[in-house]
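Architecture and fold: a report
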Amino acid sequence: MTISLNILRASSVSCYFRNILVIFLLAGIATVCEAAQHEFDMSIDEVTIDVAPGFSNKVFAFNGQVPGPLIHVKEGDDVMVHVTNNSTLPHTVHWHGVNQIGSWQQDGVPDVTQKAIQPGESYTYRFNVDRPGSLWYHCHVNVWEHVAIRGMWGPLIVEPKNPSALEKEVTLDAILMMSAWQSPYANVFGQGGGPKDVSDYFSVNGRSFPITQPIRVKKGDVLRMRFIGAGDETHQMHMHGHDMLVTHKDGYPLASPYYVDTVSVGPGERYDVIVKMNNPGRFIMHDHIDKHMTNNGASLGGPVTIFEYEGIKTDDWYVWHGKAYDPNFFYSDSLKKGYGLFNSAPFMGTVNKQRRRRR
Ligand SMILES: [Cu+2]
């Protein structure tokens, strides 16, 4: 900069060339400052969500919703999140996939990087998203309960500075967060999720069929699905009628993408798949662990969606004939809105009528 200013001051530089230099300098500064700075607010609230027909579950919900709000940023951005704990138990937020280079104190692990955020208290996380991909965030206190069966998770999508040619072809985005529930503890905060406890409801984005949603497509769409293993079970997600090209694992691009019709999504894992939607019809996607296709033992339930192609006539007997459609159930609309934090009204729970702990 000093050298550049000296050049500008040199009397031999004409006004014309000085103006050109200034333009180049400003362009350079703009490039250096390309990384954005985001500041978000997130609360942790005690609410109840409907997981399946006749089954509701009390949760600790980021911004009152399960899954939590979409955080959508770009590789290299700085992120600041003010977290306020309105619940009756302590929590933290771990930013899963962010390597926290030079910022380990922001990793969100209680008694390792910070003291847990107590009820009524706030904590501010500051970090740089140092690598792109399908990341996520979740509590790191009593994870077997708070994460496995209490809904404390949401997507953190970091767009790459240099997307691949195939990624640029994507016309429709979907996020699928897999998890399970334990009905004996549905209304009991502070318990459940132990090694002897049994999951009896299974879900995608916190809901079990039939109150999940279809993914509506048209022939020629290039669909990207980001699977996130948010709970404590493995889910074998099988798509009928199409090949899924696995392009990323845990946010990292694969050197050799490979085709599957079933993708195994374990706890903490993320898989990105890209699918050429070229087979008009009505096709199911379901968990191929058969007992996961039940709601407390009753079939059909669990993490099921159906790909509905535009132009395929619905039938009277079709299980979702006349269903009210939510185009944002898989965050597809939120992902189109650019960068930021996006709440989603259909994921909101109802506020519990209970006494808050006074501090
Ligand atoms: Cu927690």
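Residues numbered from 1 in each chain as written. Predicted model: local features only at pLDDT ≥ 70, side-chain atom pairs only at ≥ 80, totals over all residues.

1. Re the overall build of the chain
We count it as follows: Secondary structure elements are taken from DSSP: a helix is a run of H or I of four residues or more, a strand is a run of E of two residues or more, and numbering for both begins at the N terminus. For every residue, the other C-beta atoms within 10 Å of its own C-beta are counted; 20 or more classify it as buried, 12 or fewer as exposed, and values in between as partly exposed. C-beta atoms are placed from the backbone. In this description, a residue-residue contact is defined by the distance between C-beta atoms placed from the backbone, which must lie within 7 Å.
Regarding its fold elements, the chain presents five helices and 21 strands. Residues classed as buried in the chain amount to 40% of the 359 residues present. Contacts in the chain between residues far apart in sequence, at least 24 positions, make up 74% of those at least 6 positions apart.

2. Quick notes on the sheet that holds strand E19 (residues 305-309)
Convention followed: Two strands qualify as a pair provided that DSSP identifies no fewer than 2 bridges between them. Note on method: axes are straight lines fitted to C-alpha atoms, helices fitted across the in-contact stretch only, with angles between N-to-C directions ranging 0 to 180 degrees.
Overall, mixed pairing links the five strands, which are arranged E11-E19-E18-E13-E16 in an open sheet. The sheet is open, and its two borders are formed by strand E11 (215-217) and strand E16 (262-265), each paired with just one other strand. This sheet shows a mean twist of 15° between the axes of neighbouring strands, independent of strand direction. For E11 and E19, the ladder comprises three bridges, and the chain directions are parallel. From the neighbouring strand, Arg216 faces E19, where its bridge partner is Glu308.

3. A short note on the nonpolar core
Put simply, the test is: Residues enter a nonpolar core if they are buried, belong to Ala, Val, Leu, Ile, Met, Phe, Trp, Tyr or Cys, and are joined to the set through C-beta atoms within 7 Å. An automatic or database domain assignment supplies the start and end points of every domain.
Counting residues in each nonpolar core, the largest one holds 72 residues, and the members touching the most others are Leu156, Ala174, Leu176, Met177, Met178, Phe227 and Ile228. Ranked by the residues each element gives to this core, the list is headed by strand E9 (residues 172-181), at seven residues. When residues of this core are assigned to domains, at least three fall in each of domain 2 (37-163) and domain 3 (165-330).

4. A closer look at unusual backbone geometry
The residue after Val66, namely Pro67, is reached through a cis peptide bond having omega -5°. With respect to the element layout, Pro67 can be found in the loop between strand E2 (55-62) and strand E3 (70-74). A cis amide bond, omega 10°, links Phe209 with the succeeding residue Pro210. Here Pro210 shows up in the loop between strand E10 (201-204) and E11.

5. Focus on the pairing of E19
With respect to burial, E19 is a largely interior element, four of its five residues being buried. The pairing of strand E18 (residues 282-287) with E19 spans four bridges and is classified as antiparallel. Each residue of the ladder has a partner; that of Arg282, found in E19, is Glu308.

6. Details of the environment of Gly231
Here Gly231 shows up in the loop between strand E12 (222-229) and strand E13 (235-239). For Gly231, a count of 25 C-beta atoms within 10 Å translates into the label buried. As for Gly231 and Ala148, which are separated by 83 residues in sequence, their C-alpha atoms are 4.4 Å apart.

7. Side note on the sheet that holds strand E17 (residues 270-276)
Taken together, the six strands give an open sheet; going across it, the order is E10-E9-E12-E17-E14-E15, and neighbouring strands pair in mixed fashion. Both edges of this open sheet fall to E10 and strand E15 (252-260), since each of them pairs with a single strand only. Adjacent strand axes in the sheet meet at a mean angle of 25° when their direction is disregarded. Sheet topology places strand E14 (residues 244-249) next to E15; five bridges connect them, and they run antiparallel. From the neighbouring strand, Lys249 faces E15, where its bridge partner is Tyr252.

8. Some words on the confidence of the model for the chain
Worth spelling out the cut-off: Values of pLDDT, ranging from 0 to 100, describe the predictor's confidence in every residue of the model.
Looking at the chain, pLDDT values average 92 and 89% of them are 70 or higher. Here residues 24-31 is a poorly scored stretch, pLDDT under 50, and it has one contact once near neighbours within four places are set aside; other chains count.

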